[in-house]
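One letter stands for each residue in the lines below.
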Amino acid sequence: MKIIVTSLFVQDQDKALEFYSEKLGFVKKHDVPMGKFRWITLVSPDDHDGTELLLEPNEHPAAKEYQKKIVAEGIPATMFGVADIHQEYERLLENGVKFTMEPTKMGESTIAVFDDTCGNLIQIVQQ
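Here goes a summary of the coordinates provided. These figures come from a predicted structure and were not determined experimentally.

1. Section: the sheet that holds strand β6 (residues 98–106)
The strand order across the open sheet built from four strands is β5-β8-β7-β6, with neighbouring strands paired in mixed fashion. Each edge of the open sheet is held by one strand with a lone partner, namely β5 (78–81) and β6. Going from strand to strand, the sheet's axes swing by 20° on average, the running direction of each strand aside. With six bridges connecting them, β6 and strand β7 (residues 109–115) associate as antiparallel partners. Within the sheet, the bridge partner assigned to Lys105 lies in β7 and is Thr110. Here helix α3 (residues 85–94) sits on the sheet in contact with β6, β7 and β8 (121–126), set at roughly 175° to β6.

Rendered as structure tokens:
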């Protein structure tokens, strides 16, 4: 068994698609109409057959509440791995990404956290 899709609640699918593709550099894999919403997935540009990130509408009240509460507590919704966190941090800053935590050494890893503008905090990590 392996993970093929992971979901991330977003407030606005179009805004999220723009942020995750244009600011972060992920590649759109699927964009399928599903009634009022769409099945939108993205993948790493380095792994087109890898795990897909599903931009899931937070339409359900439980999803909205979950999203609001974890952000209020400063908890990232998910984590992305990077090879060089300082280089990635600088690249994202240049792309207009707003960080809530600069690269910080935590044991064996270095992490940083940014706001995805779609209701989430996202952590990047270099291990």
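2. Some points on unusual backbone geometry
In most cases, non-glycine residues show a negative phi, while peptide bonds are predominantly trans. Backbone geometry places Thr117, a non-glycine residue, at a positive phi of 65°. Looking at where Thr117 falls in the secondary structure, it is placed in the loop between β7 and β8. Residue classification places Thr117 among the partly exposed residues on the basis of a relative accessible area of 38%.

3. Some words on the sheet that holds strand β4 (residues 52–57)
Spatially, four strands are ordered β1-β4-β3-β2 in an open sheet, and the strand pairing comes out mixed. The sheet is open, and its two borders are formed by β1 (5–10) and β2 (27–34), each paired with just one other strand. Averaged over all pairs of adjacent strands, the angle between strand axes in this sheet comes to 25°, irrespective of strand direction. Bridge count for strand β3 (residues 37–43) against β4 is two bridges, and the pairing is antiparallel. Along β4, the bridge assignment pairs Leu42 with Leu53. Against the sheet, helix α1 (residues 13–23) touches β1, β2, β3 and β4, its axis set at about 10° to β3.

4. Let's talk about the nonpolar core
Within the largest apolar cluster, 24 residues are counted, with the highest numbers of intra-cluster contacts made by Tyr20, Leu24, Leu55, Phe80, Phe99, Phe114 and Ile124. Elements with a contribution of two residues or more to this core: β1, α1, β3, β4, α3, β7 and β8. Excluding anything up to four places from it in sequence, Phe99 contacts Tyr89, Leu92, Leu93, Ala112, Val113, Phe114 and Ile124.

Reading the values: the criteria
Residues numbered from 1 in each chain as written. Predicted model: local features only at pLDDT ≥ 70, side-chain atom pairs only at ≥ 80, totals over all residues. Heavy atoms only, no water. Pairing = 2+ DSSP bridges. Helix = DSSP H or I, 4+ residues; strand = E, 2+ residues; numbered from the N terminus. Axes fitted to C-alpha atoms, helices over the stretch in contact; angles between N-to-C directions. Contact = heavy atoms within 4.5 Å. Buried < 20%, exposed > 50% of the residue type's maximum accessible area, 1.4 Å probe, protein only. Core = buried A, V, L, I, M, F, W, Y, C linked by side-chain atoms within 4.5 Å.

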